[in-house]
Amino acid sequence: MTTQFLDIGLTALPASPECGEPLDLMFTATNATYDLIEVTEFTFVLQKGGLPIDLADGYTNVEFIVPKGWLPHQSGGTFTVTPAPGNNGQVGPKGLEFQVLNIIVNDKTGLTKVTMQNTVRPATGPTKTRTQYQKLNKIEPPLSLTDVYADPFPVDYDDTTKIYWHGSSGAVISLDVTGTLINHVRNDPSTPLPSVGSYTLDPLPEQPIVTV
């Protein structure tokens, strides 16, 4: 008799993970048979590190949600689910859903592989495991610029003020101060302005016009 397994699907929100941004993963285990399938363990493996093939630098602050009657276990990027005491692990046609929320994607674009396994107990013989894979394509987030302001503002003549900004990861920032372009940190032409940062304007002889 053929061993019956569950089919595991993966939904990523967003579908293409954005570098440096949060990501939610939902795993759906579906029983496509007319029988109950006795599962002893689910395992989901997310690659950990700072390389393009990895999904995240770490998973210390994620939320792992499992259905009632099941127990979550986590070790690094390996997420395991087992039946709780009193649960025989039998899965019917309604299937099961698991979630790993608030993953912070690393800053390297590229393809990463997610491993999904379900281990079942056949009617006879030892337990058996089915392994499935799905790839996720990590991309750069859309460029955005928010929270641009000066402090103090308005600024008096012959006084100083500091310009603050918050851009998305990878954004190239330039300040246009009354026709003068500033694109590097003060006193260091080799270091560009960061995507999130500030810049102090020198005492100004006239009211400045600043664009970012």
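The following refers to the structure shown. (Residues numbered from 1 in each chain as written. Predicted model: local features only at pLDDT ≥ 70, side-chain atom pairs only at ≥ 80, totals over all residues. Heavy atoms only, no water.)

### Concerning the overall build of the protein chain
Our working definition: Numbered from the N terminus, helices here are DSSP runs of H or I no shorter than four residues, and strands are runs of E no shorter than two. Both definitions apply: the radius of gyration is a C-alpha atom measure, and the globule rule equals 2.2 Å times residues to the power 0.38. Any two residues whose heavy atoms approach within 4.5 Å are treated as being in contact. The charge count treats Lys and Arg as positive and Asp and Glu as negative. His and the chain ends do not count. Working definition for charges: the position is that of NZ of Lys, CZ of Arg, CG of Asp or CD of Glu.
Broken down by element type, the protein chain carries zero helices and 16 strands. Against the 2.2 N^0.38 benchmark of 17 Å for 212 residues, the protein chain shows a C-alpha radius of gyration of 26 Å, more extended than a compact globule. By its C-alpha atoms, the protein chain is 85 × 30 × 25 Å across when sized along the principal axes. The contacts in the protein chain between residues at least 6 apart in sequence include a share of 63% that link residues at least 24 apart. Of note, the protein chain has its 12 positive side-chain charges centred 18 Å away from the centre of its 22 negative side-chain charges.

### Overview of the packing of aromatic side chains
Just so we agree on the cut-off: Ring pairs are drawn from Phe, Tyr and Trp, using the six-membered ring of Trp, whenever the two centres fall within 6.5 Å, and their geometry is named by plane angle: stacked under 30 degrees, edge-to-face over 60, tilted for the rest. Residue exposure (1.4 Å probe, protein chains only): buried if accessible area is under 20% of the type maximum, exposed if over 50%, otherwise partly exposed. Whether a charge sits over a ring depends on NZ of Lys or CZ of Arg being within 6 Å of the ring centre and within 35 degrees of the ring normal.
For the structure on display, the rule yields six aromatic pairs. For the ring pair Phe 64 and Phe 79, a centre distance of 5.1 Å and an interplane angle of 75° mean the geometry is edge-to-face. Of this pair, Phe 64 sits in strand β4 (residues 63–65) while Phe 79 is found in strand β6 (residues 78–83), placing the two residues 15 residues apart along the sequence. No difference in accessibility class separates Phe 64 from Phe 79, as the two residues are buried. Each member of the aromatic cluster is reached from another via a ring pair, and the members are Phe 27, Phe 42, Phe 44, Trp 70 and Phe 98. Positioned above the aromatic ring of Tyr 133 is the side chain of Lys 113, whose terminal nitrogen or guanidinium carbon lies 4.7 Å from the ring centre.

### Re the pattern of salt bridges
As a reminder, the rule being used: Basic side-chain nitrogens of Lys or Arg form a salt bridge, by our definition, when they fall within 4 Å of a carboxyl oxygen of Asp or Glu.
Evaluation of the coordinates by the stated rule reveals two salt bridges. With a shortest N-O distance of 2.5 Å, Arg 130 and Asp 7 are connected by a salt bridge. Of this pair, Arg 130 sits in strand β10 (residues 128–138) while Asp 7 sits in strand β1 (residues 7–13), placing them 123 residues apart in sequence. A salt bridge links Glu 38 to Arg 121, with the shortest nitrogen-to-oxygen separation between them at 2.5 Å. With Glu 38 in strand β3 (residues 37–46) and Arg 121 in the loop between β9 (110–120) and β10, this pair connects stretches of sequence that are 83 residues apart.

### Comments concerning the sheet that holds β4
Selection criterion: A strand pair is defined by DSSP finding two or more bridges across the two strands. An axis is simply a line fitted to the C-alpha atoms; with a helix, the fit covers only the stretch in contact. Between two such axes, the angle follows the N-to-C directions and lies from 0 to 180 degrees.
Here four strands make up an open sheet; going across it, the order is β1-β2-β8-β4 and the pairing antiparallel. On the outer flanks of this sheet lie β1 and β4, each paired with one strand and no other. Shown here is a sheet whose adjacent strand axes are inclined to one another by a mean of 15°, direction ignored. Direction of pairing for β1 relative to strand β2 (residues 22–30): antiparallel, over a ladder of seven bridges. Counterpart to Thr 11 in the pairing with β2 is Met 26.

### Topic: the sheet that holds strand β11 (residues 145–151)
Pairing within the open sheet is antiparallel, and its three strands lie in the order β11-β12-β15. Both outer strands of the open sheet, β11 and β15 (196–201), are each paired with one neighbouring strand and no more. Going across the sheet, the axis of each strand differs from the next one's by a mean of 15°, ignoring polarity. Where β11 lies against strand β12 (residues 161–167), five bridges are found, and the strand directions are antiparallel. The partner of Ala 150 across the bridge, within β12, is Ile 163.

### Things to note about the pairing of β9
Across the eleven residues that make up β9, a large majority, eight, are buried. Two elements, β3 and β9, share seven bridges in a ladder whose sense is antiparallel. Bridge pairing links Phe 44 to Met 116 in β9. Sheet topology places β9 next to β10; eleven bridges connect them, and they run antiparallel. Each residue of the ladder has a partner; that of Thr 115, found in β10, is Tyr 133.

### Notes on the nonpolar core
Inclusion rule: By nonpolar core is meant a set of buried Ala, Val, Leu, Ile, Met, Phe, Trp, Tyr and Cys residues that side-chain atoms within 4.5 Å join together.
Core analysis: the biggest nonpolar cluster contains 32 residues, and Leu 25, Phe 27, Phe 42, Phe 44, Leu 46, Phe 98 and Ile 103 have the highest contact counts within it. Contributions of two or more residues to this core are made by β1, β2, β3, β6, β8 (96–104) and β9. Counting residues per element, this core draws most heavily on β3, which supplies five residues.

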